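# Chains, contacts and geometry: an overview
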Amino acid sequence: MSISALSAGAATVARPTDVVLAWRTLRAPQWLHFAVLPALPLYALLRTAPLEALARFAPGAVVAALSLAFAYGINAIADRHGDRDVAKNPLAGLAQAPALAWWAVLGCAALALAVAALGAPWLRLDCTAISLVAGTLYSVGPRVKSLPVVGTLTNAVIFAPLALVVRLEGASPPHMALLLCAFVVLQTQTQLVHEAGDLAEDESSGISSSAVIFGPRAAMNAARILGYVGAFSFVAGFGLARMPVIASAATILGGALIGRASPERASEVRHAHRRLSLAAGAMLFALAVSDAVAPIP
């Protein structure tokens with residue numbers, strides 16, 4: 001075989017740098033903790049039949065991971081022109097996204113739908129599709145992340161359906177509504193401070209996020225107000241039992257953490273809020289598991 005033929009064959013193989021870049025485009029470290037969302041409705045089953053709960057959770061986690069990889073990947077491709085930090089977006093500053101990155105991102109969406117449709121019978125295709133559609137609308141067309149308030153709320157629609165990917169027979173577990181509502185409030189608070197931290201990049205890209213239109217201070221104050229609104233809703237809807245009180249305390253503390261910080265510290269505060277949210281979520285889930293056999297207070 002001639003040297004020219006070998007060169008032509010090598011040209012058809014993706015370069016290692018393209019493979020690595022395609023993998024990084026999926027931004028797994030940024031969403032990995034969200035892959036546990038399908039466990040939310042399984043808390044009662046986890047206490048009474050842990051092996052069955054794990055068997056149901058595993059394919060749900062696969063669907064969630066693939067859906068999140070698509071959402072974060074398509075966002076990386078769409079935002080590459082305005083993003084400046086390659087640690088956040090590995091495609092930042094690139095004029096054109098590598099073809100392999102496109103294949104990786106779109107492949108994750110196709111696999112998520114395939115697993116949800118053809119995998120275990122308890123997986124929900126509708127929730128998977130809603131998350132994928134929301135991720136597309138948010139980042140690409142009509143790119144609702146550039147619309148104030150609407151973009152902020154649409155972001156939550158990417159994540160919340162993944163908590164319902166696993167279908168259970170009969171009525172929903174009694175604490176499921178509280179767990180889901182607490183997650184949505186905390187996630188929306190995180191999104192508001194995220195928009196404040198991305199102010200300069202969004203302004204240069206022409207993205208009219210809530211923080212761009214109303215100002216980063218207003219966005220961070222909105223996170224504080226949301227904490228009080230969430231707390232009032234939890235107590236009004238679920239009473240003064242320990243779980244609603246803990247959820248209320250978490251959203252109030254999360255809002256105070258964001259609201260009292262300066263916009264210049266938005267990125268730092270976002271990481272602190274994430275740690276608070278993870279701790280509060282783990283505590284609420286553990287209490288829900290314990291309540292699966294203990295009397296509900």
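A quick note: this is a predicted structure, and the numbers were derived from the prediction, not measured.

On to the overall build of the protein chain. When its secondary structure is counted, the protein chain shows 14 helices and zero strands. What you see for the protein chain is a C-alpha radius of gyration of 21 Å, in line with the 19 Å of a compact globule of 297 residues. The dimensions of the protein chain, computed from C-alpha atoms along their principal axes, are 80 × 45 × 30 Å. Classification of the 297 residues of the protein chain by burial places 47% in the buried group. If you take every contact in the protein chain between residues at least 6 apart in sequence, the share linking residues at least 24 apart comes to 74%. Counting only carbon and sulfur atoms, one obtains 71% of the accessible surface of the protein chain, whose full area is about 13,900 Å². Of the charged side chains in the protein chain, 20 are positive and 15 negative, and the gap between their average positions amounts to 3 Å.

In total, this model carries three aromatic pairs according to the counting rule given. Seen from their ring centres, phenylalanine 34 and phenylalanine 159 are 4.6 Å apart, and the 50° between their planes marks the pair as tilted. Here phenylalanine 34 is found in the loop between helix H3 (28-31) and helix H4 (43-48), whereas its partner phenylalanine 159 is found in helix H8 (residues 150-159), with 125 residues between them in sequence. Across the pair, exposure class does not vary: phenylalanine 34 and phenylalanine 159 are buried alike. On the basis of an interplanar angle of 80° and a centroid distance of 6.1 Å, the ring pair of phenylalanine 34 and phenylalanine 183 is categorised as edge-to-face. Of this pair, phenylalanine 34 sits in the loop between H3 and H4 while phenylalanine 183 sits in helix H9 (residues 176-197); the two residues are 149 residues apart in sequence, bridging distant segments of the chain. Accessibility classification places phenylalanine 34 together with phenylalanine 183 in one group, the buried group. Every member of this aromatic cluster is reached through a ring pair, and the members are Phe34, Tyr72, Phe159 and Phe183.

Relative to the elements of secondary structure, valine 149 occurs in the loop between helix H7 (125-139) and H8. Each C-alpha atom of the pair valine 149 and alanine 211 lies 9.2 Å from the other, and the pair is 62 residues apart in sequence. When residues no more than four places from it in sequence are discounted, the contact partners of valine 149 are Ser210 and Phe214.

Next up on the list: the layout of surface pockets. Estimated volume of the largest pocket: approximately 1,100 Å³. His33, Phe34, Tyr72, Gln187 and Arg274 are the residues nearest the centre of the largest pocket, which is lined by 44 residues in total. Contributing elements (two or more residues each) for the lining of the largest pocket: helix H5 (50-78), H8, H9, helix H10 (199-205) and helix H14 (266-291). If one sorts the elements of the lining of the largest pocket by residue count, H14 sits on top with twelve residues. Of the residues that constitute the lining of the largest pocket, the class distribution is 20 nonpolar, 13 polar and eleven charged. Considering only enclosed or pocket space, the second largest pocket measures out at about 160 Å³ in volume.

On to a nonpolar patch on the surface. There is a patch of nonpolar side chains on the surface, built from Val149, Leu153, Ile213 and Phe214 and spanning about 390 Å² of accessible area. Tracing the backbone through its elements, the reader meets phenylalanine 214 in helix H11 (residues 210-214). Looking at phenylalanine 214, the relative accessible area reads 52%, which means it is exposed.

Conventions we followed
Residues numbered from 1 in each chain as written. Predicted model: local features only at pLDDT ≥ 70, side-chain atom pairs only at ≥ 80, totals over all residues. Heavy atoms only, no water. Helix = DSSP H or I, 4+ residues; strand = E, 2+ residues; numbered from the N terminus. Rg over C-alpha atoms; globule rule 2.2 N^0.38 Å. Buried < 20%, exposed > 50% of the residue type's maximum accessible area, 1.4 Å probe, protein only. Contact = heavy atoms within 4.5 Å. Areas by Shrake-Rupley, 256 points an atom, 1.4 Å probe, with all protein chains shown as cover. Lys, Arg positive; Asp, Glu negative; His and termini not counted. Charge placed at Lys NZ, Arg CZ, Asp CG, Glu CD. Phe/Tyr/Trp six-rings, centres within 6.5 Å; stacked < 30°, edge-to-face > 60°. 1 Å grid on protein atoms, 1.4 Å probe; cavity = no way out; pocket = protein on both sides within 12 Å on 5 of 7 lines; lining within 4 Å. Points joined across faces, edges and corners; volume = space filled by probe spheres on them. Nonpolar A, V, L, I, M, F, W, Y, C, P; charged D, E, K, R; others polar. Patch = residues over 30% accessible without salt bridge, like charges linked within 9 Å, V, L, I, M, F, W, Y side chains within 5 Å. Salt bridge = Lys/Arg side-chain N within 4 Å of Asp/Glu carboxyl O.

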